[in-house]
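Listed here are the chains, written in short residue letters.
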Amino acid sequence: MSLSPLKFCANVSWLFTDLPSFAQRMRAAAAAGFRAVEAAWLYDSDLEELQKTRNEAGLEVVLLNTPPGDLKAGELGLGAVPGRESDFRQGLEVAVTFSKALDCRRIHLMAGRIPEGIDRGAAVQEMEATFVENLKYAADVLSKEEIIGLIEPINTRVTDPRYFLATPHQAAAILQKVGKPNIKLQMDVFHWQIMDGNLTQNIQKYFPLIGHIQIAQIPGRNEPDSPGEVNFSYLFGLLEELGYQGYIGCEYKPKGSTDAGLGWIREIPN
């Protein structure tokens with residue numbers, strides 16, 4: 001089967017991490033054959049250097065995350081955290097500044113964690129209401145810049161037990177309440193498989209909502225052709241049949257060097 005319509009981008013927060021700077025990783029991604037990159041947080045980098053690297057390497061920047069807040073204090077996004085609305089808005093402004101400078105058209109609006117010492121059941125209602133209002137605000141800001149906002153379920157079984165947004169079903173319900181066409185669903189196969197499995201039906205059901213896809217094998221979060229639970233050849237074929245036009249982000253931990261683990265993508269015509 002020809003998978004040529006599918007496009008892959010290198011997540012430079014996960015790949016080429018032997019290189020210290022994001023600019024170096026971007027150049028390495030281009031040298032490895034990637035035409036696009038994505039990243040979590042580039043905000044400590046020199047923006048002009050990133051612009052120059054992007055232009056010289058001929059890369060498209062596909063996705064950035066909103067700032068996480070205070071990582072040392074255990075924060076991982078602020079979108080659903082009550083009382084942090086102004087900080088969320090400031091972070092969104094920073095993300096938009098970088099995205100516009102890098103011509104990036106997608107921003108992952110990170111939900112954040114349930115605060116320490118608070119039961120999930122007790123927190124969900126208030127956090128959802130906060131998230132919905134923040135997403136409506138973000139939708140209006142992003143629409144002026146022609147940027148898509150994304151929300152991503154992160155699994156609470158392995159990766160982050162306190163993350164607020166955990167399943168595609170929860171995300172879809174929130175998107176319905178937000179009701180903005182430029183706020184979409186980010187599907188990370190790693191998280192979806194761990195939380196719910198049932199990948200074929202979930203992808204088909206939620207495909208109209210999906211604005212970006214990321215991949216990693218389960219359980220090790222390594223290359224998609226490494227041993228694991230998911231048949232990526234089948235999933236790639238399914239996405240091709242459904243007519244997915246966006247990029248698929250390679251957000252995985254290479255088992256060895258990044259280059260040594262890219263055999264799977266070099267076998268896919270593009």
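The structure displayed is predicted, hence computed values, not measured ones.

Trainee: Can you walk me through the overall build of the chain in this structure?
Mentor: Helix and strand content of the chain: 9 helices and 8 strands. In summary, the chain has a C-alpha radius of gyration of 18 Å against a globular reference of 18 Å for 270 residues, a match within 12%. The principal-axis extents of the C-alpha atoms in the chain amount to approximately 50 × 45 × 35 Å. Relative to its full complement of 270 residues, the chain shows a buried share of 55%. When contacts within the chain are restricted to residue pairs at least 6 apart in sequence, long-range pairs at least 24 apart make up 77% of them. With an accessible surface of roughly 11,900 Å², the chain has 48% of that area assigned to carbon and sulfur atoms. Positive and negative charge centroids in the chain, built from 26 and 34 side chains respectively, lie 2 Å apart.

Trainee: Help me understand the sheet that holds strand 7 (residues 210-215), please; the structure alone is not making it clear to me.
Mentor: Pairing between the strands of a sheet is mediated by backbone hydrogen bonds and can be parallel or antiparallel. With parallel pairing, 8 strands are arranged side by side around a closed barrel as 1-2-3-4-5-6-7-8. Across the sheet, the mean angle separating the axes of adjacent strands is 30° when strand polarity is ignored. In the sheet, strand 5 (residues 148-151) pairs with strand 6 (residues 183-188) via 3 bridges, with the strands oriented parallel. When the sheet's bridge partners are listed, Ile-151 is paired in strand 6 with Leu-185.

The rules behind the values
- Residue positions are counted from 1 within each chain, in the order its sequence is given.
- Restriction of local features to residues with pLDDT of at least 70 applies here, the model being predicted, together with a cutoff of 80 or more for giving and counting side-chain atom pairs; totals for whole chains, interfaces and linings are based on all residues.
- Hydrogens are left out, water is left out, and the side-chain values use all remaining heavy atoms of the structure.
- Every helix listed is a DSSP run of H or I at least four residues long, and every strand listed is a run of E at least two residues long, numbered separately from the N terminus.
- The globule rule used for comparison is 2.2 Å times the number of residues to the exponent 0.38, while the radius of gyration itself is calculated over C-alpha atoms.
- When accessible area is computed with a 1.4 Å probe and restricted to protein chains, residues below 20% of their type maximum are described as buried, those above 50% as exposed, and intermediate ones as partly exposed.
- Contact criterion: two residues are considered in contact whenever any of their non-hydrogen atoms come within 4.5 Å of each other.
- Here the Shrake-Rupley method, with its probe set to 1.4 Å, supplies the accessible areas, and only the displayed protein chains count as covering residues.
- Only four residue types enter the tally: Lys and Arg on the positive side, Asp and Glu on the negative side, with His and both chain ends excluded.
- We put the charge of a Lys on NZ, of an Arg on CZ, of an Asp on CG and of a Glu on CD.
- If DSSP finds at least two bridges between two strands, the strands pair.
- For helices, the fitted axis covers only the stretch in contact; all axes are lines through C-alpha atoms, and the angles between them, taken along N-to-C directions, range from 0 to 180 degrees.

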